[in-house]
Amino acid sequence: MKAIIRREILNYLKRPLFWIAIVVVIFGVFQQLSPYLNIHYITSEEELENDDPETVLEGEIFEGYIPLSEEEHRSLWEKTIQENLLAEFGMNEDEADDVIQEMSGMDIKEACQYMEEQYGYYGTNYIWEDTAYGKGTMEEINSYIDEKLDEHSFSYYFSRKFADFSGLFMGFTATVLLAVLFMQDMRKNTYELLHTKPISATQYVIGKVMGGFLICLMILGILNLVFWAACLICTSGNGFDIRLTDFLLATCLYILPNMLMVVCVYTIVALLFKNPLPAVPLLVLYMVYSNMGGRNAEGVYGYYGRPLAAMVRFPGMFFDVTPPPLALVNQICLLFASAAIILIGIQLWRRRRI
């Protein structure tokens, strides 16, 4: 088994495709993460001067936006509705004040429904969403950064964004890179010869799986070191806490099970059809499925994760990164599913021995 693993690693190291993949992934991930490397404490109000809207649906800290408190959010939402009642519904100030007063004891969902039924005012829920983030002052932004960094280190947040985009790029990269993992072995003469060798089915299948998995691990190891170093360099002088362990933990939890699943899909397809290429379109569809959003029980569209998805996304703002519901449960399920696929692959290889 060690010989098989060693052979696969050496073969990949000789292929230009492997090195091109590393460069492409680093470049692609850097393009997505570079704005977060510019996060810093604001030193003057002039840094925040721009023509961007005062409130937005989603706004990042490096753009000068911070999430509004519940009280501020509600107050701004009611103020916007009141202005629209005056401008578009022909109400006077007293009538508009009465409407706002009537809604004061309702939660947002009830208030939106009330406006639709009583006044035919549709879209108040969108106004609520579009006023979630507002421009902060220098003191507010710096205070917000301090508050978040008291909870976790800077690298804790950054590593989850790193896992988000690295997992995305690595999913599609592994789909292309691992297509050649079984290519040579599935040729007729080689396939028949392998079945006459004394190597066991368990050694062969696990050796191939580990060979492909370690290739992905090598790329991820390089990514971890590159972006850990980028964090250290770009945030030096800000006093941010940067830990390599945050990157490694995020990679182990949110990327490695996905890479193992991709390798296992190639394994089972190659052993079933004696050809790994049918796995390529299958895995592309699998990646698309894993990256799809959906609607929750309240009908809100977003990324909530899908069963056995081979990708974990962190679509929230930088300091609000949280994994999708049941993400860790899904990653554990991927490990069990991968183990089951390996066992099936061993049985297939064993039954086809000459």
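Peer 1: What should I look at first to understand the sheet that holds strand β3 (residues 133-135) in this one?
Peer 2: Working definition: the strands of a sheet are paired by backbone hydrogen bonds and lie parallel or antiparallel to each other. In spatial order, the strands read β1-β3-β2; together these 3 strands make up an open sheet with antiparallel pairing. A strand with exactly one partner marks an edge of an open sheet, and here the two such strands are β1 (55-56) and β2 (65-67). When β2 meets β3, the two strands line up antiparallel, connected through 3 bridges. Opposite P67, over in β3, you have Y133 as the bridge partner.

Peer 1: Help me understand a nonpolar patch on the surface, please; the structure alone is not making it clear to me.
Peer 2: Together, F172, V284, V288 and M292 line one region of the surface with nonpolar side chains, adding up to about 300 Å² of accessible area. Judged by its relative accessible area of 41%, V288 falls in the partly exposed class.

Peer 1: Explain the environment of M261 here, please?
Peer 2: Structurally, the position occupied by M261 is in helix α12 (residues 256-273). A residue is classified by how much of its surface remains accessible, and M261, at 8% relative accessible area, is buried. Counting along the chain gives 258 residues from M261 to A3, while the straight-line C-alpha distance between them is 23 Å. Ignoring sequence-local partners within four residues, the contact set of M261 consists of Y286, L334, A337, S338 and I341.

Peer 1: Before we go on, may I ask you to explain the environment of N275 in this structure?
Peer 2: Structurally, N275 can be placed in the loop between α12 and α13 (279-290). For the pair formed by N275 and V180, sequence separation is 95 residues and the distance between their alpha carbons is 10.0 Å. Filtering out sequence-adjacent residues up to four positions away, N275 remains in contact with M186, V269 and A270. Here L277 takes part through its backbone nitrogen, which lies 3.0 Å from a polar atom of the side chain of N275.

Peer 1: It is not clear to me how the confidence of the model for the protein should be interpreted in this structure. Could you clarify?
Peer 2: Detail in the predicted coordinates should be disregarded across regions flagged by low pLDDT. Scored by pLDDT, the protein comes out at a mean of 89, with 95% of its residues at no less than 70. Across the protein, element-level confidence peaks in helix α11 (residues 244-254) with a mean pLDDT of 96 and bottoms out in strand β5 (residues 301-302) with 68.

Peer 1: Looking at this model, I keep getting lost on the nonpolar core. Mind explaining?
Peer 2: Nonpolar side chains tend to gather and get buried jointly when the protein is soluble and globular. Counting 89 residues, the largest nonpolar core has F154 and F158 as the members making the most contacts within it. Each residue touching F158, except ones within four places of it in the same chain, is listed here: L33, Y36, L37, F227, C231, F247 and F318. Core analysis: the second largest hydrophobic core is formed by 15 residues, I81, M91, I108 and M115 among them.

Peer 1: What's the story with helix α4 (residues 93-103) in this structure? I'm lost.
Peer 2: One turn of an α-helix holds 3.6 residues; hence residues three or four places apart share an orientation. All buried positions along α4 are accounted for by A96, V99, I100 and M103. Buried residues of α4, seen end-on, are gathered within an arc of 95° and therefore sit on one face of the element. The exposed residues of α4 that point more than 90 degrees off its buried face are D94 and Q101. Looking at the buried residues of α4, the elements they touch are α3 (70-88) and α5 (108-119).

Peer 1: Could you clarify how one ought to interpret a negative patch on the surface in this entry?
Peer 2: Residues E45, E46, E47, E49, E70, E71, E72, E139 and E140 make up a contiguous surface patch of negative charge. Of all the secondary structure elements, the ones that give two or more residues to the negative patch are α3 and α7 (138-151). For the negative patch, the leading source of residues is α3, giving 3 residues.

Peer 1: What should I look at first to understand the packing of aromatic side chains in this one?
Peer 2: Any aromatic ring pair is given by two values, namely how distant the centres are and how the planes are angled relative to each other. On inspection of all chains with the given rule, the structure shows 19 aromatic pairs. Aromatic side chains Y36 and F318 sit 5.2 Å apart centroid to centroid with 25° between the ring planes, which places their arrangement in the stacked category. In this pair, Y36 sits in the loop between α2 (16-33) and β1 while F318 sits in the loop between β5 and α14 (327-351), placing the two residues 282 residues apart along the sequence. For the pair Y36 and F318, a shared accessibility class is recorded, and that class is buried. On the basis of an interplanar angle of 80° and a centroid distance of 5.0 Å, the ring pair of Y254 and F314 is categorised as edge-to-face. Linking Y254 in helix α11 with F314 in the loop between β5 and α14, this pair joins segments that are 60 residues apart in sequence. Grouping residues by exposure puts Y254 and F314 together as buried. The ring of Y156 carries R160 above its face, with NZ or CZ at 3.9 Å from the centroid.

About the thresholds
- Residues numbered from 1 in each chain as written.
- Predicted model: local features only at pLDDT ≥ 70, side-chain atom pairs only at ≥ 80, totals over all residues.
- Heavy atoms only, no water.
- Pairing = 2+ DSSP bridges.
- Helix = DSSP H or I, 4+ residues; strand = E, 2+ residues; numbered from the N terminus.
- Patch = residues over 30% accessible without salt bridge, like charges linked within 9 Å, V, L, I, M, F, W, Y side chains within 5 Å.
- Areas by Shrake-Rupley, 256 points an atom, 1.4 Å probe, with all protein chains shown as cover.
- Salt bridge = Lys/Arg side-chain N within 4 Å of Asp/Glu carboxyl O.
- Buried < 20%, exposed > 50% of the residue type's maximum accessible area, 1.4 Å probe, protein only.
- Contact = heavy atoms within 4.5 Å.
- Polar contact = N/O pair within 3.5 Å; in protein donor to acceptor, adjacent residues only side chain to side chain.
- pLDDT = per-residue confidence, 0-100.
- Core = buried A, V, L, I, M, F, W, Y, C linked by side-chain atoms within 4.5 Å.
- Arc of directions from axis to C-beta.
- Lys, Arg positive; Asp, Glu negative; His and termini not counted.
- Charge placed at Lys NZ, Arg CZ, Asp CG, Glu CD.
- Phe/Tyr/Trp six-rings, centres within 6.5 Å; stacked < 30°, edge-to-face > 60°.
- Lys NZ or Arg CZ within 6 Å of the ring centre and 35° of its normal.

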